[in-house]
Amino acid sequence: MPKAQETVLEIDLKALKHNFEYLQSKLDSSTKFLAVVKAFAYGSDAVEIAKYLQDLQVDYFAVAYVNEGVALRDAGITKPILVLHPQPIHFKTIIERCLEPSLYNAKVLNEFISVAEKENQNNYPVHIKFNTGLNRLGFWENDVDYIISKLQNTQSVIVKSLFSHLAASEDENEKEFTLNQISRFKKIAEAFFSKVNYRPWLHMTNTSGILNYPEAHFDMVRSGIGLYGFGNSDKENKNLKPIASLKSIISQIHMIEKGESVGYNRAYKALGFEKTATIPLGHADGIGRQYGNGKGFVTIKGKHAYIIGNVCMDMIMVNITDIDCKEGDEVVVFDSYSSAEALAQTANTISYELITSISQRVKRVFLK
Ligand SMILES: *Cc1c(COP(=O)(O)O)cnc(C)c1O
C-alpha cells in the first residue's frame, strides 16, 4: 500500500471476506447470515461493503433507518434489507423501495398495516421485534395475541421473521441473564407458531451472540462489529481482522522550549525542549476532544506519539520528542496492529463508537 499523503480511511475488503468467512464457520450450513451495515457500515462505507458482501452471497442486510436502506437500493443492492428502527413517516418509502420494516410496537404495526393496505400490498414482508430484556425496542411477550389479531384482519402483510436482541452477549458474567432472554424468546416463538399456519424465521444473535451462544443462532444471525474486525474479547479479536485503518501525515513539526504552550486554551505546556507534530485530523473527523490532553495516541515510525493539548476541529498535535521523523511522514491512528479498540479504551469508550465516528470528510480508499 502506498504511504498516506492525506488523512484516509483504508478499507481492506480481503479482511472483510476473512471476517465473514470466520463468522460463517461458526454457523450451521442452513443458518442465514444478515450483515448489519447501519451507520455507513460502522463508519466505513455502506455501499462498497454491501456490494462486496452481496457478491459473497450474504443473505440479508440490516440498516437502522430508512434513508440508509434507500441509499443501498440507489446503489443497486438487491438483497432483502431489514430496517431496524423505521419511523412511520417513511412507511410509504419502505414499500416503494422494497425495504422490510421491523415492527416493534402497536403504533408502528397498525400504521404499517394501514399504509400497506392503502398501497394495495399483499403479503408484504415485515419483521416483528420482541423485547426480551434490553428494554429498548420491541413488543412484550404478552402482546402475541394482539399482534396475531391484527395480522388475521389483513392480507397486506406477512411476518417473515420474529426477532429479539441480546443485551449482554459479550459478558460472561451475564450468562444467566442472556440464557433467560433466549428462553423467553423461544416461548414467544412457540406461542406465535401455535397460532399461525406458517413459520416465520427466528433470529436473535449479534456478533458476540454468534460467538458465545450457538444455541441461539436459530434461522439467521445478525453481525455488525465482527464483520468489521472486532470480537468484543481478546480471544475473538485474534480471529478477526479490523478492516479499517485510519492514516494521516505530519503536516508540520515545531520545536518548542520549556514553558511554551501548544494549542487552544494553552492546554499543554512543554516541560523542556520538545518536538511536536501537527496532523490534519480533528474532532470534525471523528477524533473527539476526549482523546486530547495525553490520552489518545497515534503511531509514527512504530512509536506511540501522544496527543498533547486540546483536539482542534481539524487538527491534533502530538508529542514526537523521541521519534525520528519528518514533515510528510505517515501517521497511523489505528490499523490492524494498533487497534481502534485500544485507542477507544484510552478515552473510556468502545471500538463501535470510535469507528462509527470517522466523519464523511475523511476519504475512503478500498483495498481489493
Ligand atoms: C446493531 C445491531 C446488531 C449488530 O450488533 P453487533 O454487536 O455489531 O454485531 C444486531 N442487531 C440489532 C438489532 C442491532 O441494532
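From a predicted model like this one, the values you see are computed outputs, not experimental measurements. (Residues numbered from 1 in each chain as written. Predicted model: local features only at pLDDT ≥ 70, side-chain atom pairs only at ≥ 80, totals over all residues. Heavy atoms only, no water.)

**Considerations on the pairing of strand E9 (residues 220-223)**
Next, step 1: Neither face of E9 is exposed, since Met220 and Arg222 on one face and Val221 and Ser223 on the opposite face are all buried.
Next, step 2: Pairing of strand E2 (residues 32-36) with E9 involves four bridges; the strand directions are parallel. Bridge assignment links lysine 32 to a residue of E9, and that residue is methionine 220. (Buried < 20%, exposed > 50% of the residue type's maximum accessible area, 1.4 Å probe, protein only. Helix = DSSP H or I, 4+ residues; strand = E, 2+ residues; numbered from the N terminus. Pairing = 2+ DSSP bridges.)

**Looking at helix H3 (residues 46-55)**
Next, step 1: Turning to H3, its buried residues are Ala46, Ile49, Ala50, Leu53 and Gln54. The buried residues of H3 occupy an angular sector of 130° when the element is viewed end-on, so they sit on one face.
Next, step 2: Tucked inside the fold, the buried residues of H3 contact strand E1 (8-12), helix H1 (13-24), E2, helix H2 (38-43), strand E3 (60-63) and helix H4 (66-74).
Next, step 3: A side-chain oxygen of the first residue of H3 lies 3.2 Å from the backbone nitrogen of valine 47; this N-cap is aspartate 45. (Arc of directions from axis to C-beta. Contact = heavy atoms within 4.5 Å. Polar contact = N/O pair within 3.5 Å; in protein donor to acceptor, adjacent residues only side chain to side chain.)

**A word on the nonpolar core**
Next, step 1: Grouped together as the largest cluster of nonpolar side chains are 110 residues, with contacts concentrated most on Ile49, Phe112, Ile300, Val318 and Phe334.
Next, step 2: Looking at which domains feed residues into this core, each of domain 1 (31-228) and domain 2 (244-367) gives three or more.
Next, step 3: Setting aside residues up to four positions removed in sequence, isoleucine 300 forms contacts with Ile250, Ala305, Val318, Ile320, Ile323, Cys325, Glu330 and Val331.
Next, step 4: Core analysis: the next-biggest nonpolar cluster, separate from the first, contains seven residues, Val262, Ile308, Cys312 and Met317 among them. (Core = buried A, V, L, I, M, F, W, Y, C linked by side-chain atoms within 4.5 Å. Domains from an automatic or database assignment.)

**As for the packing of helix H6 (residues 106-118) against helix H7 (residues 144-152)**
Next, step 1: It is at 11 Å that the axes of H6 and H7 come closest, and there the two elements cross at 5°. By the angle between their axes, H6 is roughly parallel relative to H7. On the side of H6, the interface is formed by Ala106, Leu109, Asn110 and Ile113, while H7 contributes Tyr146, Ile147 and Lys150.
Next, step 2: Looking at the contact of H6 with H7 residue by residue, the classes come out as five nonpolar, one polar and one charged. (Axes fitted to C-alpha atoms, helices over the stretch in contact; angles between N-to-C directions. Parallel < 35°, antiparallel > 145°, perpendicular 65-115°, else oblique. Nonpolar A, V, L, I, M, F, W, Y, C, P; charged D, E, K, R; others polar.)

**Points about the site of the ligand**
Next, step 1: The full set close to the ligand counts 13 residues, and Lys38, Tyr42, Thr207, Ile225 and Tyr352 are the nearest of them.
Next, step 2: Within the side chain of tyrosine 42, one N or O atom sits 2.5 Å away from an oxygen atom of the ligand.
Next, step 3: Interatomic distance of 2.5 Å between a side-chain N/O atom of threonine 207 and an oxygen atom of the ligand.
Next, step 4: Here the ligand, which alone exposes 390 Å², has 94% of that area covered by the protein.
Next, step 5: Those elements giving two or more residues to the shell around the ligand turn out to be H2 and E9.
Next, step 6: For the shell around the ligand, the class distribution of residues is five nonpolar, five polar and three charged. (Near = heavy atom within 4 Å. Areas by Shrake-Rupley, 256 points an atom, 1.4 Å probe, with all protein chains shown as cover.)

This is a description of form; function is not addressed.
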